Amino acid sequence: MKVGDRIDFGDYRWLVLDVQDDQSLIITEEIIELRDYHNKSKEVTWADCELRHYLNGVFYERFSAYDRARIIKTHNTNPGNPWYGVDGGADTDDYIFLLSMDDVVRSYFGDSSRLLDFPANNQRYWFQRKDANNIQRRSRYLKSPWWWWVRTPGKHQRVAVYIHGDGNIGIQGNGISKRKTNVIHDIANDTRGGVRPALWLKR
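Residues numbered from 1 in each chain as written. Predicted model: local features only at pLDDT ≥ 70, side-chain atom pairs only at ≥ 80, totals over all residues. Heavy atoms only, no water.

### Remarks on the overall build of the chain
- Helix and strand counts for the chain stand at five helices and 14 strands.
- The globule rule puts the C-alpha radius of gyration for 203 residues at 17 Å, and the 16 Å found for the chain is close to it.
- Taking the principal axes of the C-alpha coordinates as reference, the chain spans close to 50 × 35 × 35 Å.
- Contacts in the chain between residues at least 24 apart in sequence constitute 61% of all its contacts with a sequence separation of at least 6. (Helix = DSSP H or I, 4+ residues; strand = E, 2+ residues; numbered from the N terminus. Rg over C-alpha atoms; globule rule 2.2 N^0.38 Å. Contact = heavy atoms within 4.5 Å.)

Written out as structure tokens, the structure reads:
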């Protein structure tokens, strides 16, 4: 198994993002479902959000006992949002998780660190539409481009950072629950964000 491979695990197709010794970090190749980040519009971080509890509860239990034994519990630090000075919340121990903004900027879809660390003066909402690494972050739901969540808060803790359908990063965030928006998925007829679970897997 090497970075960039596609593998089948459970009922899903996964992309290998990292390999360390006998462990691999994987993320679903495409968005697997649409869900809110949290079930109420209130200040919340990854540690306490409904989506985290769902992924580590109901979703985790869908795997067979054999597959669950291969999923490694991971200690995640949760960096804040540097553009807005918003705290990312407490560290968490997760079987299944969302990537952080640092993950999608620095580590697993090319290195765009300079664009995060040195934003332009007028660069407040979108990361960088011309970032060459955007194409690696694109994903689809039901074969249609759609946006997906990361676990980092946006401009406050009632919104969370997301990856737009074109791969650009919405660093200001989308509302965590029941957004009023004209952007509706053309097949699902749904406005909720896409979920791309990630996990460390014993090989």
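### Some details on the sheet that holds strand β5 (residues 71-72)
- Taken together, five strands build an open sheet; the order of strands is β1-β2-β3-β14-β5 and the sheet is antiparallel. In this open sheet, the two strands that pair with only one neighbour each are β1 (6-9) and β5.
- Where β5 and strand β14 (residues 198-202) come together, two bridges link them in antiparallel fashion. Paired with Ile72 across the strands is Trp200, a residue of β14. (Pairing = 2+ DSSP bridges.)

### Observations regarding the nonpolar core
- In this structure, Tyr37, Leu51, Leu55 and Val104 are the most contacted members of the largest nonpolar core, which totals 55 residues.
- At five residues, the largest contribution of residues to this core is made by helix α1 (residues 50-61).
- The residues touching Val104, leaving out its near neighbours within four places in the chain, are Leu99, Phe109, Arg137, Trp148, Val150, Ile163 and Ile169. (Core = buried A, V, L, I, M, F, W, Y, C linked by side-chain atoms within 4.5 Å. Buried < 20%, exposed > 50% of the residue type's maximum accessible area, 1.4 Å probe, protein only.)

### Digging into the pattern of salt bridges
- Applying the stated rule across the entire model yields 15 salt bridges.
- We note a salt bridge from Asp117 to Arg106, for which the minimum N-O separation is 2.9 Å. With a gap of 11 residues between them, Asp117 in helix α4 (residues 113-117) and Arg106 in helix α3 (residues 101-107) connect regions that are remote in the sequence.
- Of the residues examined, Asp117 reaches a relative accessible area of 39% and is grouped as partly exposed.
- A relative accessible area of 28% places Arg106 in the partly exposed class.
- Put simply, Arg129 and Asp166 hold a salt bridge, and the shortest N to O gap is 3.7 Å. (Salt bridge = Lys/Arg side-chain N within 4 Å of Asp/Glu carboxyl O.)

### Observations concerning the pairing of strand β11 (residues 159-163)
- Counting buried positions along β11 gives five out of five residues, so the element sits mostly inside the fold.
- Bridging between strand β10 (residues 148-153) and β11 involves three bridges; their strand directions are antiparallel. Its bridge partner lying in β11, Trp149 is registered against Tyr162.
- If you look at the hairpin formed by β10 and β11, you'll find five residues sitting between the two strands.

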